[in-house]
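# Residue-level structural notes
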Amino acid sequence: MHKNVFLAELNTYYLGALKKFLKDTIIYGLATVLPRLMNFVLVPLHIDKLETTSYSDNTTFYIYAAFFNVLLTYGMETAFFRFFSKHQDKDKVFSTAFISLTVTTVLFFLVVFLNNDALAILVNLKLSYFNLLLGVLALDTLVVVPFAFLRATGRPIKFTAIKLTNIAIYVVLNFFFLWAIPKFGIGYPGYDSKDLVKYIFVANLAASIVTFILLTPYFIKTKIQFSMDILKQMLNYGWPVMVAGMAYVINENFDKWLLPELLGKDINGAYSGCYKIAVFMTIFIQGFRLGAEPFFFNHAENQNAKKTYADIMKYFVICGSLMMVFIMAYFDLFKQFVVRDPSYWIAIDIVPIVLLANLFLGIYFNLAIWYKLTDKTRFGMYLSLVGAFITIALNYYLIPRIGFMGSAWATLAAYGIMMVLSYVIGKRHYPVPYDLGKILLYLGLTVILSGIIYLRFKSNYLMSTVLLLVFLGVVIMVERKDLKRLLKN
């Protein structure tokens, strides 16, 4: 009898945990999904208004933004979640992380601004672009800890509202500068119609300024409680995360940095534009991560946590696979909507490969719980460095031989190998009972169906829809028992 009661309670916890994870992912995911969808509206605008060479400059700007964002936060966001969830004096953790990032960001800004001429030349950006980049970097870094605090303390509405305000300003200003001014002849002092890409960066800076202002209450309310002991622990935990983050930036952007050098800015612009079609998978992964990271840390001590993590992985693979098959089923519609300029279509064949690569990346992020929960973040660093090495080596080897397609295959190889290595190593340190058979079934079916659709039925929506329904039918048949159990509760 006692055993039955225990099992019933365990089952109740398990279902409750899954539902809480789903709720957290939806709420916090909206903060990523909606801004990315709003940002996604800008892709056709940018492609219509910018030449492929200017679009390449736009891509380069955000490559450096991503790289320095990781460098300036030095793993503090992930370290904050880890120590905030387990430390008794949470205010001291917040204050220490906040003060640390503020001091280093201000120092970085001053040093770089005083040497901006030489550094702009070094990174091959116009001085005006570089100064805008510096402003965006400083402001976005200063709000990292306040945003993390909102997530850690369960304030999704405020978090989402500020994120949406940021992207709304960015989108509106993009349309104002790139569409409204030329179309309606609006007078704007110093407006340069031959340098439209600059106004994309101006819009970004304006959005970052407003976000900073909205989060200033956390600057004012912060009680000075700096703990060198806590900082040392957080830095020890966070620096491998930083190195892993820098390697991740390389994995994501090295191709777009190298292609202009080897094949020209026009090719890089087309490649970067077509790469944007994979943004739907990226949105899904980022939404998952926003909900998953706090959840994984907060439920680590629960008895049935590993079973929950295993099922979350399975459902992640199902959703990600379904998304890929769906995009492939209606590929021409996505292409016409996102990349309307035919001059960009020379790189369209990268999309299926990049989609699968991003699905592998999402699985890797899911697997990453083992080294985060065991405080062995150095393994995340090692795995990311392996991926970066593969990315660099294969790009240099393949681009001269097969052009930009080599970059797509390099991305797939890097994320695929990182995923496999993380699973194998993780089994030794933090074994989670993943349902490998079902995961491989769904991944294999995704590759087969997506390949058939893309190669044989790309414009045949009837057959593509049939194959999409085949995937759904297999999922329902295989998961019918678990689906019934979840729906009943």
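Residues numbered from 1 in each chain as written. Predicted model: local features only at pLDDT ≥ 70, side-chain atom pairs only at ≥ 80, totals over all residues. Heavy atoms only, no water.

## Here's the deal with the environment of Thr-141
To keep it simple, the criterion reads: Secondary structure follows DSSP: runs of H or I at least 4 residues long count as helices, runs of E at least 2 residues long count as strands, and numbering of each begins at the N terminus. Throughout this description, buried means an accessible area under 20% of the type-specific maximum (1.4 Å probe, protein chains only), exposed means over 50%, and partly exposed covers the range between. The criterion used for residue contact is that any of the two residues' heavy atoms lie within 4.5 Å.
Residue placement: Thr-141 occurs in helix α7 (residues 127–142). You can call Thr-141 buried: its relative accessible area is 0%. Here the alpha-carbon distance between Thr-141 and Phe-212, two residues 71 residues apart in the chain, equals 9.8 Å. When residues no more than four places from it in sequence are discounted, the contact partners of Thr-141 are Asn-69, Leu-72, Thr-73, Leu-101 and Thr-105.

## Here we look at the confidence of the model for the chain
Applicable threshold: Scored from 0 to 100, pLDDT records how confident the predictor is in each individual residue.
Per-residue pLDDT for the chain averages 84, and the proportion of residues at 70 or more is 87%. A low-confidence stretch, residues 5–10 stays under pLDDT 50, and its non-local contacts, those more than four residues away or across chains, total 3 contacts.

## Looking at the side chain of Thr-105
Tracing the chain through its elements places Thr-105 in helix α5 (residues 90–114). Every residue in contact with Thr-105, bar those within four places of it in the chain, is listed here: Ala-138, Thr-141 and Leu-142.

## So, the pattern of salt bridges
Threshold: In the sections that follow, a salt bridge refers to a side-chain nitrogen of Lys or Arg positioned within 4 Å of a carboxyl oxygen of Asp or Glu.
Following the criterion strictly, the structure yields 7 salt bridges and no others. The shortest N-O distance in the salt bridge between Lys-256 and Asp-255 comes to 3.4 Å. Each member of the pair, Lys-256 as well as Asp-255, is classed as buried. Across the salt bridge formed by Lys-314 and Glu-479, the nearest N and O atoms sit 2.8 Å from each other. You can see Lys-314 sitting in helix α15 (residues 305–329) and its partner Glu-479 sitting in helix α22 (residues 461–488), a full 165 residues away along the chain.

## Re the packing of aromatic side chains
The test is simple: In summary, the pairing rule links any two rings of Phe, Tyr or Trp, Trp by its six-membered ring, whose centres are within 6.5 Å, and it sorts them by plane angle into stacked for under 30 degrees, edge-to-face for over 60 and tilted for everything else. Comment: the charge-over-ring label is applied if NZ (Lys) or CZ (Arg) is within 6 Å of the ring centre and within 35 degrees of the ring normal.
One pass over the full model with this rule turns up 33 aromatic pairs. When the ring of Tyr-191 is compared with that of Tyr-199, the centres are 4.9 Å apart and the planes differ by 20°; the resulting orientation is stacked. Through a chain of ring-to-ring contacts, the aromatic side chains of Phe-176, Phe-177, Tyr-188, Tyr-191 and Tyr-199 assemble into a single cluster. Cation over ring: Lys-306 sits above Tyr-430, and NZ or CZ is 4.6 Å from the ring centre.

## Observations concerning the packing of α5 against helix α12 (residues 228–262)
Packed helices, taken two at a time, are described by their axes: the angle between them and the distance between them. For clarity, the threshold we go by: To get an axis, fit a line to the C-alpha atoms, keeping to the stretch in contact for a helix; angles then go from 0 to 180 degrees between the N-to-C directions. Roughly parallel means an angle under 35 degrees; roughly antiparallel means over 145; roughly perpendicular covers 65 to 115; every other angle is labelled oblique. All residues other than Ala, Val, Leu, Ile, Met, Phe, Trp, Tyr, Cys, Pro, Asp, Glu, Lys and Arg, Gly among them, are scored as polar; the first ten of these are nonpolar and the last four charged.
The contact between α5 and α12 brings their axes to 10 Å, and the two run at 70°. Between α5 and α12, the interaxial angle falls into the category roughly perpendicular. Across the interface between the two elements, Lys-92, Val-93, Thr-96, Ala-97 and Ser-100 from α5 touch Ile-230, Leu-231 and Met-234 from α12. Looking at the contact of α5 with α12, its residues break down into 5 nonpolar, 2 polar and 1 charged.

## So, the environment of Leu-101
The topology assignment puts Leu-101 in helix α5. In this structure the C-alpha to C-alpha distance between Leu-101 and Val-143, which are 42 residues apart in sequence, comes to 9.3 Å. In this structure Leu-101 touches Leu-72, Thr-73, Tyr-74, Met-76, Thr-141, Val-144 and Val-145, once residues within four positions along its chain are discounted.

## A few points about α12
This is how it is decided: To estimate the expected span of a helix, subtract one from its residue number and multiply by 1.5 Å. Each residue is assigned a bend, namely the angle between axes fitted to the seven residues that terminate at it and the seven residues that start at it.
Taking 1.5 Å per residue as the helical rise, α12 with its 35 residues ought to reach 51 Å, and the 47 Å between its terminal C-alpha atoms agrees with that figure. At Asn-253, α12 shows its maximal bend, which comes to roughly 55°. Gly-264 sits one or two residues past α12 and shows a positive phi near 105°.

## Notes on the packing of helix α2 (residues 42–49) against helix α9 (residues 156–184)
What counts, and what does not: Handedness of a crossing follows from how the near helix is turned relative to the far one, being left-handed for an anticlockwise turn of less than a right angle and right-handed for a clockwise one.
The N-to-C vectors of α2 and α9 enclose an angle of 20°; their axes lie 11 Å apart at closest approach. Classified by the interaxial angle, the pair formed by α2 and α9 is roughly parallel. Relative to α9, the crossing made by α2 is left-handed. Every residue of α9 that contacts α2 at Leu-42, Leu-45, His-46 and Lys-49 is listed here: Tyr-170, Val-171, Asn-174, Phe-175, Leu-178 and Trp-179. The class makeup of the residues in the contact of α2 with α9 is 7 nonpolar, 2 polar and 1 charged.

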